[in-house]
Amino acid sequence: MQQSFLPEIDRERTQAAVEAALEKYRMNKFLSFEEREASTTATWSDSPKGFTGNTTDQTASIAIHNVDTKAAQREYCERIERIVRRLPRMEKFLIEERYMTNEHDYITHEKVYSFSFKPPISAGTYKKIRWKAFYKLALDLNLIVEKESDKGE
């Protein structure tokens, strides 16, 4: 019996993880970020306030959150775009056409392999190219999901 040193990949769960990462990309790229704002009205409380030793700066906390969140979103999008740019031509084209456009919900796999590719490709070829792209993205994004092995042997 030959011992395998490489773990077997759970294709479905790995694909789901990559699709979730690409969905997060679209959310960060195409949805507007709702900035937090400082409250300008005082809150009233029935209980007397005692000194807690804590000082808070609501405005600074909000400003930090707004700046850091925008920066994190921009950095995430740039990382995904950088990884996709390094893919081979057909894999890059497939990911950009199917997963990285603003019209993602209206673009189906069939539209991509029948109308976006010139000349059109078959569904089987499309699936092979997509899996190769997903595998490379999963490696770069550290999203590979291993199959759970049976230890009862």
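Residues numbered from 1 in each chain as written. Predicted model: local features only at pLDDT ≥ 70, side-chain atom pairs only at ≥ 80, totals over all residues. Heavy atoms only, no water.

## Overview of the overall build of the protein
To keep it simple, the criterion reads: Secondary structure elements are taken from DSSP: a helix is a run of H or I of four residues or more, a strand is a run of E of two residues or more, and numbering for both begins at the N terminus. The cut-offs for exposure are 20% and 50% of the maximum accessible area for each residue type, with area from a 1.4 Å probe on protein chains only; residues under the lower value are buried, those over the upper are exposed, and the others partly exposed. Whether two residues touch is decided by their heavy atoms; if any such pair falls within 4.5 Å, the residues are in contact.
Of the regular secondary structure elements, the protein holds 5 helices and 0 strands. Its helices and strands in sequence order give the protein the pattern α-α-α-α-α, from N to C terminus. For the protein, the residues scored as buried account for 27% of the 153 residues in total. For the protein, long-range pairs separated by at least 24 residues make up 73% of all intrachain contacts whose partners lie at least 6 apart in sequence.

## Digging into the packing of aromatic side chains
Using the following cut-off: When the centres of two rings from Phe, Tyr and Trp lie within 6.5 Å, Trp using its six-membered ring, the rings pair. Their planes under 30 degrees apart give stacked, over 60 give edge-to-face, and anything left gives tilted. In this scheme, Lys NZ or Arg CZ marks a charge over a ring once it lies within 6 Å of the ring centre and within 35 degrees of the ring normal.
For the structure shown, the criterion picks out 4 aromatic pairs. Ring geometry for Phe93 versus Phe117: centroids 5.0 Å apart, planes at 75 degrees, classification edge-to-face. Residue Phe93 is located in helix α3 (residues 89–99), and its partner Phe117 is located in the loop between α4 (109–116) and α5 (123–141); the two are separated by 24 residues in the primary sequence. With a centroid separation of 5.4 Å and an interplanar angle of 55 degrees, the aromatic rings of Tyr99 and Phe134 are classed as tilted. Of this pair, Tyr99 sits in helix α3 while Phe134 sits in helix α5, and the two are 35 residues apart along the sequence. Across from the ring centre of Tyr76, 4.3 Å away, lies the NZ or CZ of Lys24, which sits over that ring.

## Focus on the environment of Thr14
The test is simple: Polar contacts, as counted here, are pairs of nitrogen or oxygen atoms within 3.5 Å of one another; within protein the pair requires one atom able to donate a hydrogen and one able to accept it, and residues that are adjacent in sequence qualify only if both atoms are side-chain atoms.
In this fold, Thr14 is placed in helix α1 (residues 11–30). Overall, Thr14 belongs to the buried group, its relative accessible area being 0%. C-alpha of Thr14 to C-alpha of Ala138: the two residues are 124 residues apart in sequence and 6.9 Å apart in space. Setting aside residues up to four positions removed in sequence, Thr14 forms contacts with Ile9, Trp131, Ala138, Leu143, Ile144 and Val145. Polar contacts involving the side chain of Thr14 include one to the main-chain amide nitrogen of Val145, which spans 3.0 Å.

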